[in-house]
Structure formats: structure tokens, C-alpha cells
Amino acid sequence: MRSVTFDADSRTWLLRTPATSYALRLDADDVPVHLYWGPVLTLEQAASLPSGARRVSSFDGGGARDELVTEAGARFHTPSLQIAFPGGVRGVDWRFKAYEADGGHLVLRFADAHEPLELELHYRVYDDGDVIERWTRLVCQVPVTLLRCDSAAWSVPMRDGYRLSHVAGDWGAENQLVRADLTTAETTLTSRRGMTSHAANPWVMLDAGDATERHGEVWSGALAWSGSWRITVTRDPAGRAGWTGGFGHEGLSWRLEPGQEWVTPVFAGLYSAHGYGGASRRWHDYVTKHVLPEPDELRPVIYNSWEAVGFDVGEAGQKELAALAAQVGTELFVMDDAWFGGRTSDRAGLGDWWPNPERFPGGLAPLIDEVHRLGMRFGLWVEPEMVNPDSDLYRAHPDWVLHQPGRPRTELRNQLVLDLSKPEVADWAHKWLHRLVSEHEIDFLKWDCNRPFTEVADDRAWIGHVRAVYAILDRLRADHPHLRVEACAGGGGRTDLGILARTDQVWTSDNTDAFDRIAIQRGFGQVYPARVMAAWVTDSPNPITHRRTPLAFRFHIAMAGALGIGGDLPRWSPEELEQAAALVAVYKDIRPVVQLGVQHRLPYGVQYAHEDRVVVLAWRGPVRHGTPEPPLRLEGLDPLGRYRDEDTGVLHHGAVLMSGGLPLELPRDEDYASALVRLRREA
Ligand code: GLA
């Protein structure tokens, strides 16, 4: 179904995915310009498309629809590629060389008319989905400075208006969905922090202001990068809109030596005609089929000790937690921070990656053996990119951290960033991680990263560090095929397609308040699927918000992702432990539906469908008197199908569930009421 075709007369390429087409053309000056992105077209139809807007006045700059906007000539649009050659020369004078189409992979090769620069635009389409991957490669035979090198510029068709969807947030409040009119301006979403960040996430969606959760055209993009990044969405005065994006933030520059290759991360794009929900489902599908290393594996129910004990970690306490965790049915026990070196608070020990001899006099083996004996897998928290100045590592290698000579070294959470772009530092990190996993029966690492970069002396570190993290993870996974990894950065500060290519799940947020999680998880799910969204049930009142919520409510919200438990189990009553065990058992039953199924966001809940089963999780916050509660209309069912409620035995009709809704009686006088409904389609 996917294909790449070329019309030589009009110099038009047409990329086809199962439900969409994307077309670009070389203009008379050899510049690759965007033509089309939308429902399927034939090559003949694409070739007939007009090449673009006429220049209206001498002030009307070009570039708006270039596949990569450079600074050459009268181009005043947001640049995607800013390249400085020796002698003050800027910009690219495109000369088309050749193209190659191999399966779904199209490469357009260009040179500069004056400088020994080779520039390639890469496109990849798949048979099994509508996401298009794009990236850029360049190499020059004279030294150049790159001020900007985006992966791709994406243009959307002209409409009367545009609406931008993205997420913004903070620590403990990640992924807050923002949906607003796109003003005539350049709107930049960015991270200058060296990591993806809590403040923004590298994806965008544009629609004409008419899309809803269920209907309408949506154009979207997501960048596969875990360091600093920038996406600039532009609506120009002529009414055109699109975005350009890539790694690195404004103001950085990279000097390339002659012959040095520069390859950007993938910037993936998706057109969908089925509303925001349809776009999200296609992204979930893409992440599953083309990003995750182990997509089909069911994620285990995790117990993590962080909220229960903080830095108060020791063999006896961990064993006590492990016994209760096993009792409620968790499958993977993760010991969090403070098991190593002199780490008894956040003030010391990061960098000294050996078991604390006072806390673990016999090393980690006795605890690991006990966890395995209890029938659970064992996981361990690590933070390999960081160091506390109060550590043996820092005393031995004070020059290993990001720092600028003569300037203070800014400490955040009493820690500094190790510069993994230095080969000796990356080598050290890989060696101890490899040894740790080789010498212990460790099944899982929670890889944390608890502060942003500051005082970077060499701009190369912004990219080199991230590539080193990727390389270490890739090597660890290759050498230890059983190892699974959770990405974490103070909660959800490193969630993106780049890290998901080498991890199995993401710690969504340090905020485990179930009510706050509703919004965090809704934003997370715009692009990322439920199977990677780690969600724990913790104590009530919640340690961050002090909110009290029922145990079932906490479970029902965490069950919408990869369920875990993080509560202080020794303080739970026997009844609570019993209820938790029952709910964990229910989760294991619905897990394939939640984790492998198709997700539909509902007004106050979420629906998953997989094979012949449908699961609905519904919830309500504090009661607000007089607020109407519309019925929960299900989606995507067979209208002629009959669906039996597995718990009550009641029979429902697909058509009725989708039009009239699921009869749900959430108690009207109870705050934080919730429900779980399991339906099975009758043969
Ligand atoms: C970060 C993580 C937490 C926990 C602590 C440990 O904040 O997000 O889950 O691991 O670090 O210090």
C-alpha cells in the first residue's frame, strides 16, 4: 500500500501511506517545495497540483513551503537550515543531484551550487500506518558552522484559520493540554534544558479550528529526540501555516569539520481525518509498530518503594515491602533511590554506584534473591548522568561535569551533570552499568535524570550527551536482552519518541494524585500509548497534594496505563490490602485490552478495545451539584454486535452503546466516584 512514485515532467514525488498522500516538487530553481499532505491522491492528480503562491510584492518573501527553509535569496520564513560557510557566505543554493526510492524510503540528494556541500532529505513511509518519517543529512568538504539544522519543515494546506494543540507543564504537572487559535506569528515550543523537559513536549497538532475528538482533519508531528529541541509553528500573514523543528535550541551552533557527517533525528508527521482521537490512535499504533523495542510484551505490575520510604532504604525494610507487594500481586519489585554509596539524602553519593555497605551488608544479592523467591522480578533505580559534588566520583573527576571555566557550577537538587559527550565519561557510565547488570540478577532499570543542563562550555555537548545516553542504553539492551528499562526524569521530563526507541515505559509524573493524573494522562496519551504510561496507586492523602481519594478511584485511574503500586503498604489496613489484591487481579485480566488495545478518550473516562473485549474506565472528581452528566457514548464498536457485561451479565447492543451510551450510575453524592466495566462481544 505504501509507495513512492515520481512524475518526471513535473518533477513531483508522491508518497503514499494506506490512507494519506504527501507530495513535493522541485521548482524551477531546484528548491524542493511542498505540494500536498492529505487524503490519498494519484500521481496524475499530484502532478497537476499548482506549484504555489505567486509573489505579490517585492516584500513578499519565499520559503513558506520549502521542504527545508534555508536562508538563500529572498527567503524570510522561519529557517530550518542556517549554515555559515567560510567567508561570510550563508544559505543553500540548491542543485538537485539524484533521488533514490527503496521500498518506502525516498532520499533526495542535493548539492550547493557554490560550496562542496551535500544535503539529503529523507522520507520514509510504511505499509501499516500513515506516519511519515523525515530527517536530514548533510556533509561538507569545507569547515562550516551550523546555526540551525532541523529534521524537517512541515506545511499544512491553507485554511481560513488554524488551531494549535500542544502540551505545557511543570514538574508534577506534565502534559497539560493546550488548545488555542494559532495567531499570525511564529510560536516556538522548545526545551533549553538538555532534556525533553516537563515544560513542553516535542509534538504539535494543527487543525482548521473545526476538529473535535471524533471528527475532522488534524496534521501533527512528533520529534524523536531527548535533549534540547525547538519546534516553531508559523502562521504567516499570507495565511499559510506549518512548522519546522529539530534538535538543539536557539542560539546553539555546531562547527563541522570537513567531511564530518551530520544526521538529524527523525521528525515524524501524520495526517488524519478522524479528529484528535483518530490522530492519537494512529500515533499509538506507530509507536507500537515502529518505535518500541518490545511492543507486544505485557508490562508487569510494578511495586516501587520511593513514595513509601524515600531515602530510608535498607535490606530489612525492602524485604518487608517486597513481601506485601507480592501479596497484592505485583510482578516486579523496584528498589528506588538511596541503595548506593553514601546516598542517604539527595545531598551525597550520586556517582558512587556500589551498594551502601551499612544498608546492604551482604550486597544486593540477599534482597534480589528474596524478591525472586517471592516470584517477582527485580528492578533498580539509577541516575547515571548525574553526580553529587559530595561523592568519591566527583572528588576524583571534578572535570567530568558540564561546567564553564571560572564560573560557578550551578547545583540543582545538590547535583551536577556528568558530561557524557566526553568518551571517557560515557565509557565509565557504560562500564559500571554493564557490571551492575552482569553481576546481579537485575531485570529492570529505572533510569532517572533529575536536573537540566547548565554551564555548557561546548555546544557539542547538547547533542553528544544525548547520543551517548542512547548508545549506552542500546549497548546495555543488546548485551542483556532480558533487561527492561523505565525512562524517568523527575517524573515525565524525558518522554519522547527518541527515548521510547530504547526503553519500555516512562515514569509519567512524580505527581501520583489520581485526580491530577486525569489531566496528566490525557495529555500524555495524545501521542504516547497506554502501555508505556507508568501509573502507580499510592497513599491517601496524597503526599504532594494532600488530597484524599478512595482506593478504587486511585486504582481505576492508574489502571488506564501500566499499573504499578507505590504506597506505603505496611500502613495499609488488611482490608485495603485485600481490596488492592482484588483490583490488581482485575487489572491483570483487563491488561491485554488496556495495553494492547485501541484507545478512545471519553468525556469522563477512557475506553479500550482489543479482540472481542471492551474495557471502560470512568471517573468523576468532586461532586458539583447540578452538573449534568451526559451518558458515556462508546466508540468504534460493531453497531450490530451484542456486548455482554462480564460482571453483571447484562447484554448491550453496540448501536445503543454508541448512540445512547453505557448506563453508568456513578453515585451522585460521592466525591471521586469511579467505575470499571468489562464487556465481551458475543459470538
Ligand atoms: C525522581 C523520580 C522519582 C524518584 C526520585 C528519587 O524524582 O521521578 O520517582 O525516583 O527521583 O530520588
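Look up a bit, the structure's there.
Residues numbered from 1 in each chain as written. Predicted model: local features only at pLDDT ≥ 70, side-chain atom pairs only at ≥ 80, totals over all residues. Heavy atoms only, no water.

A.B. asks: Quick question: what am I supposed to make of empty space enclosed by the protein here?
C.D. replies: Any empty space left between the atoms is revealed when a probe the size of a water molecule rolls over them. Applying the stated criterion across every chain yields a total of five cavities of 30 Å³ or more. When its volume is computed, the largest cavity comes out at roughly 170 Å³. Lining the largest cavity are 16 residues; nearest its centre among them are Gln521, Arg522, Gln599, Val606 and Trp619. Elements with a contribution of two residues or more to the lining of the largest cavity: helix H10 (514-524), strand S32 (598-602) and strand S33 (605-610). Counted by class, the lining of the largest cavity contains ten nonpolar, four polar and two charged residues. Estimated volume of the second largest cavity: approximately 130 Å³. Those elements that place two or more of their residues in the lining of the second largest cavity are strand S11 (152-156), strand S17 (229-235) and strand S18 (241-247). Looking at the lining of the second largest cavity, the element that brings in the most residues is S18, giving four residues. Classifying every residue of the lining of the second largest cavity gives six nonpolar, eight polar and four charged. (1 Å grid on protein atoms, 1.4 Å probe; cavity = no way out; pocket = protein on both sides within 12 Å on 5 of 7 lines; lining within 4 Å. Points joined across faces, edges and corners; volume = space filled by probe spheres on them. Helix = DSSP H or I, 4+ residues; strand = E, 2+ residues; numbered from the N terminus. Nonpolar A, V, L, I, M, F, W, Y, C, P; charged D, E, K, R; others polar.)

A.B. asks: Can you help me understand helix H11 (residues 551-558) in this one?
C.D. replies: Because an α-helix packs 3.6 residues into every turn, residues spaced three or four apart end up facing the same way. Burial analysis of H11 places seven of its eight residues in the buried class, which makes it a mostly covered element. The set of residues buried in H11 consists of Leu551, Phe553, Arg554, Phe555, His556, Ile557 and Ala558. Residues of H11 that are buried sit in contact with H10, strand S30 (533-537), strand S31 (562-565), helix H12 (574-596), strand S34 (613-619) and strand S37 (674-681). (Buried < 20%, exposed > 50% of the residue type's maximum accessible area, 1.4 Å probe, protein only. Contact = heavy atoms within 4.5 Å.)

A.B. asks: Which parts of the structure should I look at to understand the site of the ligand?
C.D. replies: Around the ligand, the structure places 13 residues, and the nearest of them are Asp336, Asp337, Lys446, Gly491 and Asp510. Taking Asp337, its side chain carries an N or O atom lying 2.6 Å from an oxygen atom of the ligand. One of the side-chain nitrogen or oxygen atoms of Asp448 is found 2.9 Å away from an oxygen atom of the ligand. Within the complex, the protein chains bury 97% of what would otherwise be the 310 Å² of accessible surface of the ligand. Broken down by class, the residue content of the shell around the ligand amounts to four nonpolar, three polar and six charged. (Near = heavy atom within 4 Å. Polar contact = N/O pair within 3.5 Å; in protein donor to acceptor, adjacent residues only side chain to side chain. Areas by Shrake-Rupley, 256 points an atom, 1.4 Å probe, with all protein chains shown as cover.)

A.B. asks: Just checking my understanding: could you explain the nonpolar core for this structure?
C.D. replies: Most often, soluble globular proteins keep nonpolar side chains buried together rather than apart. The biggest cluster of nonpolar side chains holds 154 residues, and the ones touching the most others in it are Trp243, Trp339, Phe555 and Met559. For this core, the leading source of residues is helix H8 (residues 460-479), giving ten residues. With 28 residues, the next largest nonpolar core counts Val167, Leu270, Tyr276 and Val291 among its residues. (Core = buried A, V, L, I, M, F, W, Y, C linked by side-chain atoms within 4.5 Å.)

A.B. asks: Any chance you could explain the environment of Val218 here in plain terms?
C.D. replies: Within the secondary structure, Val218 is located in strand S16 (residues 218-223). Remark: the alpha-carbon pair of Val218 and Asp539, spanning 321 residues in sequence, is separated by 39 Å. What Val218 contacts, discounting residues up to four positions off in sequence, is Met205, Leu206, Asp207, Ala211, Leu270, Tyr271, Ser272, Gly275, Tyr276 and Ala279.

A.B. asks: Which parts of the structure should I look at to understand the packing of aromatic side chains?
C.D. replies: When we look at a pair of aromatic rings, we describe it by the centre distance and by the angle of the planes. Evaluated as defined, the whole model comprises 34 aromatic pairs. When the ring of Tyr22 is compared with that of Trp154, the centres are 5.8 Å apart and the planes differ by 80°; the resulting orientation is edge-to-face. Of the two residues, Tyr22 is situated in strand S3 (residues 20-26) and Trp154 in strand S11; the sequence distance between them amounts to 132 residues. Each member of the pair, Tyr22 as well as Trp154, is classed as buried. Put simply, the rings of Trp339, Phe340, Trp353, Trp381, Trp400, Trp428 and Trp432 touch in pairs and so form one group of aromatic residues. Here the basic side chain of Arg502 rests over the ring of Tyr470, its NZ or CZ set 4.0 Å away from the ring centre. (Phe/Tyr/Trp six-rings, centres within 6.5 Å; stacked < 30°, edge-to-face > 60°. Lys NZ or Arg CZ within 6 Å of the ring centre and 35° of its normal.)

A.B. asks: Can you help me understand the side chain of Ser220 in this one?
C.D. replies: Assignment of secondary structure puts Ser220 in strand S16. Residue classification places Ser220 among the buried positions, given a relative accessible area of 0%. Within the structure, the side chain of Ser220 is placed 2.9 Å from the side chain of Trp283, a separation counted as a polar contact. Not counting residues within four places of it along the chain, the set of residues in contact with Ser220 comprises Trp37, Val204, Met205, Trp243, Ala268, Gly269, Leu270 and Trp283.

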